[in-house]
Amino acid sequence: MMMVMQPEGLGAREGPFAGSGGGGEYMEQEEDWDRDLLLDPAWEKQQRKTFTAWCNSHLRKAGTQIENIEDDFRNGLKLMLLLEVISGERLPRPDKGKMRFHKIANVNKALDFIASKGVKLVSIGAEEIVDGNLKMTLGMIWTIILRFAIQDISVEETSAKEGLLLWCQRKTAPYRNVNVQNFHTSWKDGLALCALIHRHRPDLIDYAKLRKDDPIGNLNTAFEVAEKYLDIPKMLDAEDIVNTPKPDEKAIMTYVSCFYHAFAGAEQAETAANRICKVLAVNQENEKLMEEYEKLASELLEWIRRTIPWLENRVGEPSMSAMQRKLEDFRDYRRLHKPPRVQEKCQLEINFNTLQTKLRLSHRPAFMPSEGKLVSDIANAWRGLEQVEKGYEDWLLSEIRRLQRLQHLAEKFRQKASLHEAWTRGRWPASLRAGKEEMLSQRDYDSASLQEVRALLRRHEAFESDLAAHQDRVEHIAALAQELNELDYHEAASVNSRCQAICDQWDNLGTLTQKRRDALERMEKLLETIDQLQLEFARRAAPFNNWLDGAVEDLQDVWLVHSVEETQSLLTAHDQFKATLPEADRERGAIMGIQGEIQKICQTYGLRPCSTNPYITLSPQDINTKWDMVRKLVPSRDQTLQEELARQQVNERLRRQFAAQANAIGPWIQAKVEEVGRLAAGLAGSLEEQMAGLRQQEQNIINYKTNIDRLEGDHQLLQESLVFDNKHTVYSMEHIRVGWEQLLTSIARTINEVENQVLTRDAKGLSQEQLNEFRASFNHFDRKRNGMMEPDDFRACLISMGYDLVSAPQPLPRSPKGEVEFARIMTMVDPNAAGVVTFQAFIDFMTRETAETDTAEQVVASFKILAGDKNYITPEELRRELPAEQAEYCIRRMVPYKGSGAPAGALDYVAFSSALYGESDL
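Computed from a predicted structure; not experimentally measured.

Peer 1: I'd like a description of the overall build of the chain, backed by residues and values.
Peer 2: The number of helices and strands found in the chain is 34 helices and four strands. For the chain, with 922 residues in total, the buried portion stands at 46%. Considering only intrachain contacts with a sequence separation of at least 6, the fraction spanning at least 24 residues in the chain is 74%. Accessible surface, the chain as shown: approximately 45900 Å² in total, 51% of it carbon and sulfur.

Peer 1: So what about the packing of aromatic side chains? Which residues, and what values?
Peer 2: Enumeration according to the criterion identifies 32 aromatic pairs in this entry. Where Phe-863 meets Tyr-909, the ring centres are 5.9 Å apart and the plane angle is 25 degrees; that geometry is what we call stacked. Separated by 46 residues along the polypeptide, Phe-863 in helix H31 (residues 856-866) and Tyr-909 in helix H34 (residues 909-916) bring together distant segments of the chain. For Phe-863, a relative accessible area of 0% gives the class buried. Through successive ring pairs, a cluster of aromatic residues spans Trp-303, Trp-310, Phe-330, Tyr-333, Trp-382, Tyr-392 and Trp-395. The aromatic ring of Phe-148 is capped on one face by Arg-147, whose charged end is 5.2 Å from the ring centroid.

Peer 1: Describe the pattern of salt bridges, naming the residues involved and giving the relevant values.
Peer 2: This structure, assessed with the given rule, holds 62 salt bridges. One salt bridge connects Lys-578 with Asp-638, and the closest N-O pair in it is separated by 3.3 Å. Note that Lys-578 is positioned in helix H21 (residues 564-579) and Asp-638 in helix H23 (residues 620-681), a separation of 60 residues in sequence. Within the structure, one salt-bridge network assembled from shared partners comprises Arg-334, Lys-338, Glu-386, Glu-389, Glu-393, Glu-712, Glu-734, Arg-737 and Glu-741.

Peer 1: Any details on unusual backbone geometry? Residues and values, ideally.
Peer 2: Positive phi outside glycine occurs at Asp-231, with the angle close to 60 degrees. Here Asp-231 is to be found in the loop between helix H10 (215-229) and helix H11 (238-243). Given a relative accessible area of 55%, Asp-231 falls into the exposed group. Its identity as a non-glycine residue notwithstanding, His-363 has a phi of 55 degrees, on the positive side. Exposure remark for His-363: the relative accessible area of 26% places this residue in the partly exposed category.

Peer 1: Give me the packing of helix H24 (residues 687-703) against helix H26 (residues 733-764): which residues, what numbers.
Peer 2: Relative placement of two packed helices is described by the angle separating their axes and the distance separating the axes. Look at H24 against H26: their axes get within 10 Å of each other, and the N-to-C directions meet at 160 degrees. The angle between H24 and H26 places the two elements in the roughly antiparallel class. Note that H24 runs across H26; the crossing there is left-handed. Between H24 and H26, the contacting residues are Leu-687, Glu-688, Gln-690, Met-691, Leu-694, Arg-695, Gln-697, Glu-698 and Ile-701 on the first element and Trp-740, Leu-743, Leu-744, Ile-747, Thr-750, Ile-751, Val-754, Glu-755, Gln-757, Val-758 and Arg-761 on the second.

Peer 1: How would you explain the state of the cysteines if you had to name every residue and give the values?
Peer 2: Scanning the entire structure with this criterion turns up zero disulfides. The thiol of Cys-277 is not disulfide-bonded; the next cysteine sulfur, from Cys-890, is found 7.9 Å away. The class for Cys-277 is buried, based on a relative accessible area of 14%.

Peer 1: So what's going on with the environment of Glu-239? Which residues, and what values?
Peer 2: Position of Glu-239 relative to the elements: it lies in helix H11. The sequence separation of Glu-239 and Asn-220 amounts to 19 residues, and the corresponding C-alpha distance is 9.4 Å.

Peer 1: Please provide a residue-by-residue account of helix H27 (residues 768-781), values included.
Peer 2: Every α-helical turn comprises 3.6 residues, leaving residues that sit three or four positions apart pointing alike. Between its terminal C-alpha atoms H27 stretches 20 Å, which fits the 20 Å expected from 14 residues at 1.5 Å a residue. Among the residues making up H27, those that are buried are Gln-768, Leu-771, Phe-774, Arg-775, Phe-778, Asn-779 and Phe-781.

Peer 1: Describe the environment of His-562, listing the residues and the values that go with them.
Peer 2: Summarising the element assignment, His-562 is placed in the loop between helix H20 (532-555) and H21. The sequence separation of His-562 and Gln-648 amounts to 86 residues, and the corresponding C-alpha distance is 7.1 Å. When sequence neighbours within four positions are dropped, the list of residues in contact with His-562 reads Gln-404, Gln-648 and Arg-655.

Peer 1: How would you summarise the nonpolar core if you had to cite specific residues and measurements?
Peer 2: Counting residues in hydrophobic clusters, the biggest one holds 77 residues, and the most contacted among them are Trp-54 and Trp-187. In terms of residues, this core owes the most to one element, helix H7 (residues 134-150), which gives eleven residues. Contact partners of Trp-54, with chain neighbours within four places excluded, come to Leu-82, Ile-86, Ile-144, Ile-145, Ala-149, Met-235, Thr-254 and Cys-258. If you look at the next biggest cluster of nonpolar residues, it comprises 47 residues, including Ile-308, Phe-330, Phe-352 and Trp-395.

Peer 1: So, the confidence of the model for the chain: which residues are in play, and what are the values?
Peer 2: Per-chain confidence: the chain averages 82 in pLDDT, with 87% of residues scoring 70 or above. Segment residues 428-434: pLDDT under 50, and 15 contacts once partners within four positions in sequence are set aside and those in other chains are kept.

Peer 1: For the environment of Asp-638, give the residues involved together with the corresponding values.
Peer 2: Through-space distance from the C-alpha of Asp-638 to that of Asp-575 is 9.0 Å; in sequence the pair is 63 residues apart. In this structure, Asp-638 is in contact with His-574 and Lys-578, ignoring residues within four places of it in sequence.

Rules used in this analysis
- Residues numbered from 1 in each chain as written.
- Predicted model: local features only at pLDDT ≥ 70, side-chain atom pairs only at ≥ 80, totals over all residues.
- Heavy atoms only, no water.
- Helix = DSSP H or I, 4+ residues; strand = E, 2+ residues; numbered from the N terminus.
- Buried < 20%, exposed > 50% of the residue type's maximum accessible area, 1.4 Å probe, protein only.
- Contact = heavy atoms within 4.5 Å.
- Areas by Shrake-Rupley, 256 points an atom, 1.4 Å probe, with all protein chains shown as cover.
- Phe/Tyr/Trp six-rings, centres within 6.5 Å; stacked < 30°, edge-to-face > 60°.
- Lys NZ or Arg CZ within 6 Å of the ring centre and 35° of its normal.
- Salt bridge = Lys/Arg side-chain N within 4 Å of Asp/Glu carboxyl O.
- Axes fitted to C-alpha atoms, helices over the stretch in contact; angles between N-to-C directions.
- Parallel < 35°, antiparallel > 145°, perpendicular 65-115°, else oblique.
- Left-handed = near helix turned anticlockwise from the far one by under 90°.
- Disulfide = S-S within 2.5 Å.
- Expected span 1.5 Å × (residues − 1).
- Core = buried A, V, L, I, M, F, W, Y, C linked by side-chain atoms within 4.5 Å.
- pLDDT = per-residue confidence, 0-100.

Have a look at this one:
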């Protein structure tokens, strides 16, 4: 009779041994047992020995064994006992009689139990077993081995034979001279069995000393070690395996399955170790990212801390050149030193977002940086830096303008003071060498004639007129000195000293003038005659001389202008002055005519030639000399004003050149910022396509940097030319810089957001369609279009997706149940209570509760396996089960176990596993 067994409800390819070999394992056995009707004697011998040893390895647990496999199972008693031992279940009570029908009844109970485990027995009855049919008995035992020892073996979704073979291949892959391809010839040299033992217990076999040309020795070594240390009985003879061209496959499988079950605990430990290594690797990578963030944040904050005092130093320099050097240092800071820090700040924010995404994906708590190193702390410090920076630049420009005006006022003060001092040192009669104070102190009128006294009086009147004319100059000099003091001129002391000397001298001149007038008026009563012509000369020459002095002073006056219009105004005034020159020349001719009339009268009446005019110190030569000076200064003034006009025209061109670029760059930057914003909220294409578009935008922005640099160059030319205003544009260099930094930060943040979405999609197994649906829902409820949902909008979004958060009708209070659930969700999507829900937090929430991830409980269970079901683990066990680096990582961080009964050095893996999912040490 032929015995065929197949699990109920399974087709040929659905059995426990279904795989690449074609039909199921049980179908293969049907074909095998057909061939076994003519079973090779060597195979029969191997099966008999192997199956007997296998049965005894289980029967000895019940205190019995078999000697002859075809005889000892005939009464069904030991067969039922075997099934109870290997299944752990109770079979029906056996019949105690010794008659044939009692035996058949017991064997049928055993066969019925086998069938109840999903194995269909075809064309076999208890009679063959009771009659001692060896082949049918071996077939029945093989069926039991398949069902209870091999069927449940599974490796990577394979099962039974293929699973057991794959397990053997993986365990022996690193060993030389071992290549497991089947369950017959691959085991003949004994090296595969020795490799299985050495892989799990390297202390039992020295594999390096084994030789491929000693198969008998290798097999016996494996058999002896397995029996002595692994409790696997010897089921085969080395000589039978070596001397058989193709050892029996069933015998080999039966023996090898014992190794699988013996090492099942080690396999479980290896699986647990792999889980722990994966969790630790995630934790170590996250800690590394945290340390990198801390380091970069510390460096950036330290740079800001060092830079702010420099920008807060508002101690001015006394000279324009020194202040311009300060301006140049500030320009280098803005163009060379600050841009790399802008990049660092942006990169720091990107790193922080990436780290938080990885922590969320691995269900770790959010990273909380050290005190003072939050992204918001760095942003606040950066805003403080920019505020101080703006104040420093304003102060620099204000100080330069102040020094520029001081230079102008100081030069004007020196010029007018010099003119006045030259006037006070001027001689009266050409024969006297004294100044005006000495002249006023003379008593020359004591011995003078009437005409001379009258001349002295008239001359004194002319002097008083001259003195009055100079009053405005002295007041102007004092006003200039006062303004220099108010503007904190660094040489104010010398200015004050010089101004005081002039004022003191002026007061003294007033006093002396009054005394001399009093003396002359007393003498005037004694004198009657006066030369009217000389008086007329004096009357007309004095104001003309003052006009000449004023003209010389105006022609030599310095100016400060800032535009072409102001320069053109000076040119217009100068042209108006030149128009008065012909009339002035006629006045000069009339004055010279009076002097000619005097000389003519003297010659006519034989009077002593009058070499000097008693009424005025001016001579015709003086008038002509000053007139010649005016004529020379006029073209010189023309040239100077034209040069200033050319300079202002150059400045105007620089203004227009800067404005033309700024008016193009400013709108371009604004348009790019808006375009990046639209890309961030768009749904066009996959994330990869969005990333490609953003990368292209980023490259376009980088390529546009040359325009910013060119504008910086034009801005530098304007500052070097001391041009600080520009009516042709509303964009300053500061506006352009801020907009450019905002654009760089915006594109970098958007790219980082898409990268994090890719990480989330890949980690959560989301499709592009799911992501697009998430984005569409988010955008619909993002009322403000700023990439964030308000809590009420988020509530509406959840309700639209089926969450039971509906509030009670107003004015009644909201449903307590809905409020509690919504509060729970808000703690997940907004842990920092910022009052908004970002797109990333929204995606995390939508995928979190269904994702399969490791948990603290899973890690605890894995450690429990490695610890042999103990509540603690030793450093030796960690070093044995885990890679060296991760074992030492655990040992350093695990706290000592505080429970009772633990050896010295025992560690608390439960607290450690919980800490992995608790607050970060950093």
